[in-house]
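Observations on the three-dimensional arrangement
Listed here are the chains, written in short residue letters.
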Amino acid sequence: EFHPCIQGDDNLQSMLVGTVMRKIKSRTWKKQRYFKLQDDCMTIWYKSKKAGNTHSTFSVGDVEAIREGHQSEVLLSIADEFPADRCFTLVFRGRRGNLDLVAESAEEAQSWIRGMKKLIENLENMGEREKLDQWIGDWFKKADKNNDGRMNFKEVQDLLKMMNVDMNEHHAHRLFTMADKSQSGTLEDDEFVLFYKMLTQREDVLRVFQEYSVDGQKLSQSDLEDFLREEQLEGGDIEQHTKQLIECYEPSETAKLLNAMTFDGFLMYLGSTEGSIFNPQRRGVFQDMSQPLCHYFISSSHNTYLMEDQLRGQSSIEGYIRALSRGCRCVEVDCWDGANGEPIVYHGHTFTSKILFKDVVNTVGNYAFKVSEYPVILSIENHCSVEQQRVMAQHLNHILGNKLLKSTLDGKAPIGLPSPEDLKGKILLKAKKIGGLEESFNGMVEDSMTGEVSDEDEAAEIDEDNLHRESVRRRIKRSKQRLSKELSDYVVYCKSVHFSSFKHSRIHSKFYEVASFTESKARKHLREAGPEFVHHNSRQLTRVYPSGFRTDSSNFNPQEMWNTGCQIVALNFQTAGEGMDLNDGLFSQNGNCGYVLKPSFMTEAEKGFDPETPQKHDHYQPVVLTIQVISGQQLPKVNIKEDSIVDPLVRVEIHGVPMDQAKQETRYIENNGFNPVWYDTLRFTIHTPELAMVRFVVEDYDKTSKNDFVGQFTLPLSCMQQGYRHIHLLSKDGTSIPPSSLFVHIRITELE
């Protein structure tokens with residue numbers, strides 16, 4: 001019997017039959033594999049043609065995107081051998097490598113590309129309930145060891161282990177017998193679903209339901225209105241919203257006719273996006289996008305071409321695709337002279353591999369505006385000769401065409417930075433420039449084709465960081481570098497300059513000048529002159545990047561840089577952890593467009609905000625955040641060891657101005673990753689709520705060693721919904737891990 005999603009879809013029909021395609025790993029490794037969609041419409045199965053070889057599978061849900069044509073390093077390398085219309089790439093979530101494929105014909109390639117897109121779309125449109133059923137079904141298949149479509153008690157016990165449930169045998173057996181309606185001693189499909197539902201009964205949600213339900217059976221329309229008003233603290237037209245919720249989440253038609261909500265509907269609502277901790281009204285673009293660029297935090301990546309560490313790692317255009325697909329708006333390109341007059345990109349003086357500048361520009365052109373229409377800044381670190389700089393300028397012009405911003409927007413001498421709105425669809429160059437912006441309007445730059453600027457670049461800064469390391473013996477000389485006029489002319493609103501002091505900047509600097517600091521220099525300035533740094537950043541852009549010591553591509557905590565209004569805080573996007581969690585959290589609002597408006601007290605020049613003493617500024621209004629951590633649902637297994645089950649605890653971290661930095665933990669619950677219950681209350685006083693980020697981390701408690709990470713979710717305090725909320729956890733690299741969640745109650749009150 002075929003899955004219902006197949007009907008009438010030729011692409012999926014042919015995927016079910018299967019196709020032979022080549023899997024490509026390099027110019028020389030190209031092997032045929034037989035690929036086929038399983039009947040569940042959720043799994044792709046493939047194996048080599050040789051008999052007896054093992055097969056591999058992956059789930060459609062693991063695929064993040066499908067790229068057509070030669071859109072990966074590997075496929076570009078064999079472009080001369082296989083035409084683009086037969087090639088495509090499957091990109092997986094998280095850290096898993098791409099799958100590069102070549103079909104026998106363009107039609108077959110199209111069939112797979114369209115079919116995969118359809119399957120992914122089906123998945124994304126699935127409701128929470130269907131996702132859960134899907135998830136249960138997947139577990140059933142895993143546990144049904146002898147594939148007879150039914151499960152005996154032994155299989156059920158093994159399954160509970162796999163699902164991170166530690167349940168005593170007696171209790172499990174009682175549920176098993178209750179679910180075994182047919183009394184066959186095994187659970188068939190729907191009996192297993194029943195077993196699962198009994199297992200996952202939500203006592204915690206039932207408590208809330210019964211507190212608001214007058215008859216204990218259902219929430220009448222007025223019960224639900226009370227709940228939304230008193231617990232969820234909703235404003236607006238509550239009556240209207242109540243009707244919508246019932247319409248949207250109530251599965252029972254009978255209840256709908258009564259304008260009421262059953263417990264099932266209530267659970268569906270609390271598990272939905274509206275019941276989640278993140279305010280849906282802040283998911284789309286909701287901020288004013290017409291202020292000067294320097295009024296926004298900008299999602300930024302460091303050494304974007306690196307996929308691994310900073311010394312030996314792979315350089316790859318993949319780094320650019322991944323960063324831009326995550327909403328990053330400032331990417332970095334380190335350019336050096338290459339063979340045959342073609343500039344190359346790599347981490348200079350290291351053993352990282354090299355890629356062509358023109359391939360990078362091509363990739364940026366293709367991916368710049370897929371997830372956000374707001375401008376992309378190409379941060380160029382230029383080590384090229386004048387000749388190869390000319391080649392760079394030609395590539396930028398030919399490949400990007402009118403996406404490249406080549407002159408001021410209105411062609412007149414500008415008086416301030418344009419806004420993200422003004423610059424939609426534009427790619428800006430950040431690099432050194434001969435002279436200033438004004439001179440190009442009063443004919444001051446003489447047409448000698450080159451000019452000199454002093455060499456202020458990251459490599460030199462990093463050498464300074466490394467000076468007391470023996471490994472680097474090169475002496476630093478602030479050499480003069482020659483610039484080509486062609487490349488210099490394309491630098492309009494982002495001229496890279498050397499920073500001397502805030503005082504000097506206040507008097508001399510221009511709005512289009514951008515200074516870059518290593519994290520240690522930035523830290524020194526923000527500690528010695530916080531308010532001046534904030535003021536400087538209200539007028540112009542600042543870039544901060546990781547110190548040269550971080551050769552492992554680790555990240556610093558971006559929060560302290562945001563506290564002083566630094567806009568371009570460049571992180572190693574390829575490295576998971578706290579830094580990227582905060583970055584993903586901050587930019588998950590406002591349409592994930594890569595621009596987030598700074599609080600007004602940081603952009604009004606005369607305000608004089610000091611992150612060290614937030615209680616001194618005019619708009620000071622501290623709040624108290626109270627979080628009751630109620631329960632957890634189906635936390636993923638951390639340890640691969642068969643018998644280990646998590647002992648979960650929840651830590652809530654506040655990241656903000658120094659006075660607000662805090663963390664508190666719940667107790668740990670022994671041996672229960674399936675449905676731990678805490679009812680622990682954590683309280684925080686927050687002095688600058690506008691800058692505060694809240695990070696929820698679940699860990700597996702271990703008394704002998706460091707706790708293992710289980711999942712996390714980070715969001716701005718300003719995007720938090722109050723009341724009873726679910727937090728849908730993310731894995732280490734920021735991808736979702738359904739159906740893992742936390743159930744919490746949130747209150748934010750003004751400090752008396």
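Residues numbered from 1 in each chain as written. Predicted model: local features only at pLDDT ≥ 70, side-chain atom pairs only at ≥ 80, totals over all residues. Heavy atoms only, no water.

Looking at an unreviewed UniProt entry, one finds the chain named Phosphoinositide phospholipase C, with Sparus aurata as its source organism. Word for word, the UniProt comment on the chain under Cofactor (unreviewed entry) is "Ca(2+)". (UniProt positions renumbered as here; feature names shortened; annotations may be inferred.)

1. As for the overall build of the chain
Each helix and strand counted, the chain has 23 helices and 28 strands in total. Taking 27 Å as the expected radius of gyration for a compact globule of 752 residues, we find that the chain reaches 28 Å, a close match to that expectation. A buried classification covers 55% of the 752 residues belonging to the chain. Taken as a whole, the chain presents about 32,800 Å² of accessible surface, with 49% of it coming from carbon and sulfur. Computed over 89 positive and 111 negative side-chain charges, the separation of the two mean positions in the chain equals 6 Å. (Helix = DSSP H or I, 4+ residues; strand = E, 2+ residues; numbered from the N terminus. Rg over C-alpha atoms; globule rule 2.2 N^0.38 Å. Buried < 20%, exposed > 50% of the residue type's maximum accessible area, 1.4 Å probe, protein only. Areas by Shrake-Rupley, 256 points an atom, 1.4 Å probe, with all protein chains shown as cover. Lys, Arg positive; Asp, Glu negative; His and termini not counted. Charge placed at Lys NZ, Arg CZ, Asp CG, Glu CD.)

2. Let's talk about the sheet that holds strand 6 (residues 87–92)
Strands belonging to one sheet form pairs held by backbone hydrogen bonds; the direction of such a pair is parallel or antiparallel. The sheet built from seven strands is open, its strands ordered 4-3-2-1-7-6-5 with antiparallel pairing. Only two strands of the sheet have a single neighbouring strand rather than two, namely strand 4 (55–59) and strand 5 (63–68). Neighbouring strand axes in the sheet, compared pairwise and without regard to direction, differ in orientation by 30° on average. Of the pairings in the sheet, the one linking strand 2 (residues 30–37) to strand 3 (residues 43–48) comprises five bridges and is antiparallel in character. Across the sheet, Tyr34 pairs through a bridge with Lys47, a residue of strand 3. The sheet contacts of helix 3 (residues 106–125) involve strand 1 (19–24), strand 2, strand 3, strand 5, strand 6 and strand 7 (99–103), and relative to strand 5 the element is tilted by about 150°. (Pairing = 2+ DSSP bridges. Axes fitted to C-alpha atoms, helices over the stretch in contact; angles between N-to-C directions. Contact = heavy atoms within 4.5 Å.)

3. Overview of the confidence of the model for the chain
For the chain, the mean per-residue pLDDT works out to 89, and 92% of the residues sit at or above 70. In the predicted structure, residues 466–478 sits below a pLDDT of 50 and forms 20 contacts with residues beyond four places in sequence or in another chain. (pLDDT = per-residue confidence, 0-100.)

4. Overview of helix 15 (residues 386–400)
Compared with an ideal rise of 1.5 Å per residue, which puts 15 residues at 21 Å, helix 15 spans 21 Å between its outermost C-alpha atoms and is within 8% of the ideal. Among the residues making up helix 15, those that are buried are Val386, Gln388, Gln389, Val391, Met392, Ala393, His395, Leu396 and Leu400. Two residues or fewer after helix 15 comes Gly401, characterised by a positive phi angle close to 55°. (Expected span 1.5 Å × (residues − 1).)

5. Re the packing of helix 5 (residues 153–162) against helix 6 (residues 169–179)
Relative to each other, helix 5 and helix 6 sit at 120°, their axes nearing to 11 Å. Relative to helix 6, the element helix 5 lies oblique. Crossing of helix 5 over helix 6 shows right-handed handedness. From helix 5, Phe153, Val156, Gln157 and Leu160 reach across to helix 6, where they touch Glu169, Ala172, His173 and Phe176. In the contact of helix 5 with helix 6, the residues fall into five nonpolar, two polar and one charged. (Parallel < 35°, antiparallel > 145°, perpendicular 65-115°, else oblique. Left-handed = near helix turned anticlockwise from the far one by under 90°. Nonpolar A, V, L, I, M, F, W, Y, C, P; charged D, E, K, R; others polar.)

6. Considering the packing of aromatic side chains
This model, assessed by the stated rule, comprises 28 aromatic pairs. The interplanar angle of 55° and the centroid separation of 6.2 Å between the aromatic rings of Phe297 and Trp562 together place this pair among those described as tilted. Of this pair, Phe297 sits in strand 8 (residues 296–301) while Trp562 is found in helix 21 (residues 559–563), placing the two residues 265 residues apart along the sequence. For the pair shown, Phe297 and Trp562 are each scored as buried. Seen in terms of ring centroids, Phe517 and Phe533 are 5.6 Å apart; in terms of plane orientation they differ by 70°. Their pairing is edge-to-face. (Phe/Tyr/Trp six-rings, centres within 6.5 Å; stacked < 30°, edge-to-face > 60°.)

7. Examining the domain arrangement of the chain
For the chain, the assigned domains are domain 1 (10–125), domain 2 (129–200), domain 3 (203–275), domain 4 (293–440 + 494–602) and domain 5 (618–750). Placing a centre on the C-alpha atoms of domain 3 and another on those of domain 5 gives a separation of 25 Å. Surface buried jointly by domain 3 and domain 5 totals about 1,200 Å² across both partners, of which 44% is contributed by carbon and sulfur atoms. Considering only the surface of domain 3 that becomes buried against domain 5, Asp204, Glu231 and Gln232 emerge as the three largest contributors, covering 36% of it. Across the domain 3-domain 5 interface, the total number found is one salt bridge. Put simply, Arg747 and Glu231 hold a salt bridge, and the shortest N to O gap is 3.6 Å. On the surface where domain 3 and domain 5 come into contact, there are 10 residue pairs in polar contact (both at pLDDT 80 or more). At the level of secondary structure, the elements contributing two or more residues to the side of domain 3 that touches domain 5 comprise helix 8 (203–212), helix 9 (221–230) and helix 12 (263–271). With four residues, the single largest contributor to the side of domain 3 that touches domain 5 is helix 8. Tallied by class, the residues present in the side of domain 3 that touches domain 5 amount to six nonpolar, five polar and six charged. (Domains from an automatic or database assignment. Buried area = accessible area lost by both parts, 1.4 Å probe. Salt bridge = Lys/Arg side-chain N within 4 Å of Asp/Glu carboxyl O. Polar contact = N/O pair within 3.5 Å; in protein donor to acceptor, adjacent residues only side chain to side chain.)

8. So, the side chain of Gln559
Among the secondary structure elements, Gln559 is positioned in helix 21. Relative accessible area serves as the criterion here: at 1%, Gln559 is assigned to the buried category. A distance of 3.0 Å separates a polar atom in the side chain of Gln559 from the backbone oxygen of Leu691. Beyond its immediate stretch of four places on either side in the chain, Gln559 contacts His655, Gly656, Gln661, Leu691 and Met693.

9. Description of the pairing of strand 18 (residues 542–545)
Side chains of strand 18 alternate between two faces, with Thr542 and Val544 and Arg543 and Tyr545 buried alike. Pairing analysis gives four bridges linking strand 17 (residues 513–518) to strand 18, with the strands arranged parallel. Counted as the bridge partner of Ala515 is Thr542 from strand 18.

10. A closer look at the state of the cysteines
Under the definition given, this model contains zero disulfides. Summary of cysteine pairing: Cys335 is not part of a disulfide, and the nearest cysteine sulfur, belonging to Cys384, is at 5.3 Å. With no disulfide partner, Cys719 has as its closest neighbouring cysteine sulfur the one in Cys593, 12 Å distant. (Disulfide = S-S within 2.5 Å.)

11. Here's the deal with the pattern of salt bridges
Using the criterion set out here, one finds 32 salt bridges in the structure. Glu247 is paired through a salt bridge with Lys256; the nearest N and O atoms lie 4.0 Å apart. Its salt-bridge partner being Arg523, residue Glu560 comes within 2.6 Å of it at the nearest N-O pair. Note that Glu560 is positioned in helix 21 and Arg523 in helix 19 (residues 519–528), a separation of 37 residues in sequence. Looking at Arg523, the relative accessible area reads 19%, which means it is buried. Beyond isolated ion pairs, a larger network of salt bridges with shared partners links Asp581, Arg651, Glu653, Glu665, Arg695 and Glu699.

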